[in-house]
Amino acid sequence: MPGDQILTVAQVREAEQALIDAGSSIDALMQIAGRGAADWIWRMAGRHKVTVLCGPGNNGGDGYVIAEAIRERGGHVVVVAAAQPGTDAAKNARKAFASEVLGPDADVSGHVFVDCLFGSGLTRPLTHDHAELVKRLAATHHRAVAVDLPSGVQSDSGMLLNDDLPRYDFTIALGAWKFAHFLMPAAARVGELRLVPIGIEPVEGAARTVVRPRVHEPPADAHKYTRGLLAVVAGKMPGAAILASMAARGAGAGYVRLFADRMDNVPVDVVVDTGILSEVLSDDRNRAILVGPGLGRDGEARERLAIALADPVTAVVDADALVLLTPRGLAERAASTIATPHEGELVALERAFDLDGSGTRPERALALARASGMVIVAKGPDTVIAAPDGRLACARSATSWLSTAGTGDVLAGVIASRAASGVPAFEAACEGVWLHGSAARLCPPAFTASALAERIPAALAACL
Ligand SMILES: NC(=O)C1=CN([C@@H]2O[C@H](COP(=O)(O)OP(=O)(O)OC[C@H]3O[C@@H](n4cnc5c(N)ncnc54)[C@H](OP(=O)(O)O)[C@@H]3O)[C@@H](O)[C@H]2O)[C@H](O)CC1
Ligand SMILES: [K+]
C-alpha cells in the first residue's frame, strides 16, 4: 500500500498552482489549511491561552486564519506579528482577524505557542531578533506547535539554518508532508506529526512515507518452500548472520538456511548447512540470499560474496559485503539487489560507484540506486529507501533505542525474509523497514537486537 506523498517545495508550489488553475485560490487554500490546523490546536489548548506568532508570508497568513478560527470558537488567542503581512493572502487573513495584534516586543505567556513565522518559503537563516523571539515564546508557553514546519528548518533537506532553536511538541503539515518532517536533524525537532489535507492531487514520481504493509496468511496448501527459502551466508563471525536468520524466521519466509563453517550456538529453528557454498546456493528452491552480516573482509569473504551475487535470486547485501562490493561485482546480475548501508557504508558505496555524495539524503540514495541498479536502504534515524526506477520512500525513526549493536543485522534479515516470501525488492525493503521499526516500538527501553528479532512476528501480526 503506498503511503502519503512527501513533496519538495517546488512540487508543493506546482501542486498548489494546479489547484488554483482548477478554480481555487491561495486565500481559499489558506482557509482550509489554517482551519484544519486550528482544529488540532483547539484539541490541545481548549480554552487555555494560545499565542500565534505570525511572519510576513503565507505561513504567517495561516497563523491569522488559525487565530480567527480559535477566537470564533470562544478560545483565548493572542497574535504576535513579527513583521507586517507581505502577501495578498496574508494581508487578507490579517484583516479578517477580528482582534488585536501585538508587536514582537509584547510580553506574552500562555499554554500553547503556535509558530507561523516561516514555513516552506524560508530561504535563509532567521535574523537574531526572530530567533530570539521564537526561543522566548517557546520558553514562556507549556507546549510549542509548528505550523507546516518549525521556523529555521530547510524544507527539502531537513537542515537547520539556525542553531539552538526550540524543539516542538507538534508539527502540523499543510497539504503534504515535506522532507524535513522525516530527515535529520529537523526530524528530531518536529515532535508528533499531523497532516491537514487541502486537496492536493497525487504528484507523479513523488516520494512516499513508509506505512504498515498488508500481509496475507499463507494459503491453505502452503509449505515451507512455497513460503520462501532464504539462504543466509555467514562468515568468520557467525553471530551477526545467526541474528539476521532469527529475525528472518519471524518475518514470513518458510525456511531459513544458514550457510556457516560451524554448527555450534545456532538456535534450533535455524537450519545450518556446512557444505560447499556454491552447492547450497545452487538449490533452485532458493528465493533470496542475504550476505554481509559477520562476513569479514578477507579473500574468503570476497569469494563468498562473488558466489552469492552470481546466484539468480534477489540478494540483500549488508555490512561487510557493502565494503567489498564493486560495480564489477554487480555487472552480471540480472536479479534484484538490495543494499542496506548506514551512513559510513553509504559513503563507501558512493566512492565505489564514483559518486560525489552531494545533495540531500534522498538525492544521494537515489543517485546511488540509479548508478548501481540496487535498491538502496540508507538506514539510520531517518531511513530513506530508493529504487533504480526513481521510487523513493522515507520512514520516521521508531525509537532512538534502535541505536544498538545488531539492529542492522535484524533489519537485513527481515528485508531478506520479505523478499524470500515473494515481495518485489523495493516493497520488501519498505516492508522490512516498517516491521523493524514496529518491532522496536513493541520492545521495552534499552532492548537488545535479539529481543528485537523476537518481536518481529508480533509486528507482522499487526499487518494481517
Ligand atoms: N501547501 C500549500 O499549498 C499551502 C501553503 N500555505 C502556507 O504557505 C507557506 C509558504 O508561504 P510563503 O509565503 O511561500 O513562505 P513563508 O511564509 O515561509 O515565508 C515568507 C517569506 O519570507 C521571506 N523569508 C525567507 N526566509 C526569511 C528569513 N530568514 N528572514 C526574513 N524573511 C525571510 C521570503 O521572502 P523574500 O522575498 O524575503 O526572500 C519568503 O517568501 C507554507 O509553509 C504554508 O504554511 C498557504 O496556506 C496556502 C496553501
Ligand atoms: K512555521
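Named according to an unreviewed UniProt entry, the chain is Bifunctional NAD(P)H-hydrate repair enzyme originating from Novosphingobium endophyticum. For the record of the chain, the UniProt heading Subunit (unreviewed entry) holds the text "Homotetramer."

Trainee: An account of the packing of helix H6 (residues 238-249) against helix H15 (residues 449-461) is requested, with residue identities and associated values reported.
Mentor: At their nearest, the axes of H6 and H15 sit 7 Å apart, and the two run at 20 degrees to each other. The angle between H6 and H15 falls in the class roughly parallel. The two elements H6 and H15 meet at a crossing, and its hand is left-handed. Each of Leu243, Met246 and Ala247 in H6 lies in contact with H15, whose residues at this interface are Ala449, Ser450, Ala453 and Ile456. Residues of the contact of H6 with H15, tallied by class, amount to six nonpolar, one polar and no charged.

Trainee: Describe the UniProt feature "binding site: K(+)" (unreviewed entry) in the chain, and please don't skip the residues or the numbers.
Mentor: As recorded in UniProt, the feature "binding site: K(+)" (unreviewed entry) lies at Asn59, Asp115 and Ser151. For this annotated set, covering 93 residues, all C-alpha atoms fall within 9.7 Å of each other, a compact arrangement in space. For the largest cavity, the lining residues drawn from the annotated set are Ser151. Its place among the elements puts Asp115 in strand E5 (residues 110-116). For Asp115, the side chain forms a polar contact with the main-chain nitrogen of Leu117, separated by 2.9 Å. By the element assignment, Ser151 lies in the loop between strand E6 (141-147) and strand E7 (170-174). Since its relative accessible area comes to 2%, Ser151 is described here as buried. For Ser151, the contacting residues outside a window of four places in its chain are Asp115, Leu117, Phe118, Leu126, Leu165 and Tyr168.

Quick notes on the rules
- Residues numbered from 1 in each chain as written.
- Chains lettered and ligands numbered in written order.
- Predicted model: local features only at pLDDT ≥ 70, side-chain atom pairs only at ≥ 80, totals over all residues.
- Heavy atoms only, no water.
- UniProt positions renumbered as here; feature names shortened; annotations may be inferred.
- Axes fitted to C-alpha atoms, helices over the stretch in contact; angles between N-to-C directions.
- Helix = DSSP H or I, 4+ residues; strand = E, 2+ residues; numbered from the N terminus.
- Parallel < 35°, antiparallel > 145°, perpendicular 65-115°, else oblique.
- Left-handed = near helix turned anticlockwise from the far one by under 90°.
- Contact = heavy atoms within 4.5 Å.
- Nonpolar A, V, L, I, M, F, W, Y, C, P; charged D, E, K, R; others polar.
- 1 Å grid on protein atoms, 1.4 Å probe; cavity = no way out; pocket = protein on both sides within 12 Å on 5 of 7 lines; lining within 4 Å.
- Polar contact = N/O pair within 3.5 Å; in protein donor to acceptor, adjacent residues only side chain to side chain.
- Buried < 20%, exposed > 50% of the residue type's maximum accessible area, 1.4 Å probe, protein only.

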